[in-house]
Structures are given as C-alpha cells and as structure tokens.
Amino acid sequence: MIIECTNCHARYQYNEDRFERKPSKKIKCAKCSTVFEIHNPAFAANPVAQERQPVAGDMTFSRREEAKPASVETEAEPEDRKTGKVTSPQMPTGKRLSLAVINGPDAGTVFRIEKPRVTIGRTGSDIALNDSEISRAHAAVEIRDTTYLVEDLKSTNGTLIDGQRINGPTELQNQSEFQVGGSTLMLIVTEDV
C-alpha cells in the first residue's frame, strides 16, 4: 500500500504486514520528520469507522493526539516480526542513511540519502562527485527497508568492494565501504531522532 506524509506529502510504500494486527501505527516521515498516524485497512470495517464505506487499500491519516496512542516504530520492533526481505525500494522507519566520501577528490563530504534509490556519478546523478575516474551514471544505492544494496550501472571502471569488482546488486551493512573510480564511499546508518 502507498502511504503519504500529512505534512510534506512524501509518498512511501508500506507493507501491511508491518501493522502486526494493530489498527494503526505512527510513522516518522524520512523527509520532513513529521510523525503521522496511518490506519490498517484490515480494521476499516470496524463499527467505529462504519460511517464511511471502506475501499480496498484505502488509508486515512490523522494528526489528532486524542486518538488512542499507537506505537511509533523503532529498531527493536522489526526483530520480533517475520516478514522476510523487502523486495521493493523503501526507506526504513527511524533510520538516517548517509554516504560519506572517505577517500578521493571529495573526501570529507557526507551526502544524506533522502530517497530509496540514489545514483552516484559525475553529472546528472543524485550524488555528483568531482572524480574524473567515475562514469556519468556510475552506481546506485538502493534501500529496501533494512537491506542496503549497491549496484554498478555498467560503468567503465566498475564498482569495487574489498578490491573486487561487483557483478550485480551487492548487500551493504552499516559502515560498509565501496569504491567508485578513485573515490571510496562508506554507508552510515544512524538512529533518526
């Protein structure tokens, strides 16, 4: 299902299994940090919400504080649920992701990842580096909730992890390093408070 921030109207894909049989959840927008409530469509047919006809996939949003408090998703919650790997790009709730350039012409620069898929290259990319050894569209980092992938975009010099050229989407962890051209980047995952 698609959810939308009540403040900045950023849209996210949300897996309905993450409701964990709860009628609603509070979600923190990865873009503007607004906490908003989303309602489980499986509970739309309850007597309280009977005044309107539920529509499949329909989501209602509320910022009212008098509503029954729902839990705000935290890092501790995903450990006790079994939903498997997320296959579509989506930003994780409660996490801040960044790419730090630790070696190369832009060393010391940190780029915040604001969307589930960002491209890295010279020009026209989400993250533009001043490195003559990288292609215009060199690599992409894709976020699938708590799975982080880097993929080479058929660049001339390739994308390397531990000195080895990668041939497909390769999983990264917090503080994993990868090389594009003459630049080394590190993925940094922190709690978004």
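Residues numbered from 1 in each chain as written. Predicted model: local features only at pLDDT ≥ 70, side-chain atom pairs only at ≥ 80, totals over all residues. Heavy atoms only, no water.

A. Spatial organisation of the nonpolar core. Of all hydrophobic cores here, the largest spans 35 residues; its most connected members are Leu-99, Ile-113, Ile-120, Val-141 and Phe-178. Looking at this core, the elements that each hand over two or more residues are β4 (35-39), β6 (95-103), β8 (117-121), β10 (139-144), β11 (147-152), β15 (177-180) and β16 (183-191). Discounting residues that sit within four places of it in the chain, Val-141 has contacts with Leu-99, Ile-113, Pro-116, Arg-117, Val-118, Ile-120, Leu-149, Val-150 and Phe-178. (Core = buried A, V, L, I, M, F, W, Y, C linked by side-chain atoms within 4.5 Å. Buried < 20%, exposed > 50% of the residue type's maximum accessible area, 1.4 Å probe, protein only. Helix = DSSP H or I, 4+ residues; strand = E, 2+ residues; numbered from the N terminus. Contact = heavy atoms within 4.5 Å.)

B. Seen up close, the pattern of salt bridges. Inspection of the entire model under this criterion finds six salt bridges. Among the ionic pairs, Lys-115 bridges to Asp-126, the shortest N-O distance being 3.0 Å. Of this pair, Lys-115 sits in the loop between β7 (110-113) and β8 while Asp-126 sits in the loop between β8 and β9 (127-128), placing them 11 residues apart in sequence. Given the relative accessible area of 40%, Asp-126 is considered partly exposed. Among the ionic pairs, Arg-117 bridges to Glu-151, the shortest N-O distance being 3.9 Å. (Salt bridge = Lys/Arg side-chain N within 4 Å of Asp/Glu carboxyl O.)

C. Local environment of the environment of Arg-11. Along the chain, Arg-11 falls in strand β2 (residues 11-13). With a relative accessible area of 57%, Arg-11 lands in the exposed category. Residues Arg-11 and Lys-31, spaced 20 residues apart in sequence, show a C-alpha to C-alpha distance of 9.8 Å. Excluding residues within four positions of it along the chain, Arg-11 makes contact with Ile-2, Ile-3 and Glu-4.

So far we have only geometry, and geometry alone does not tell us how the molecule works.
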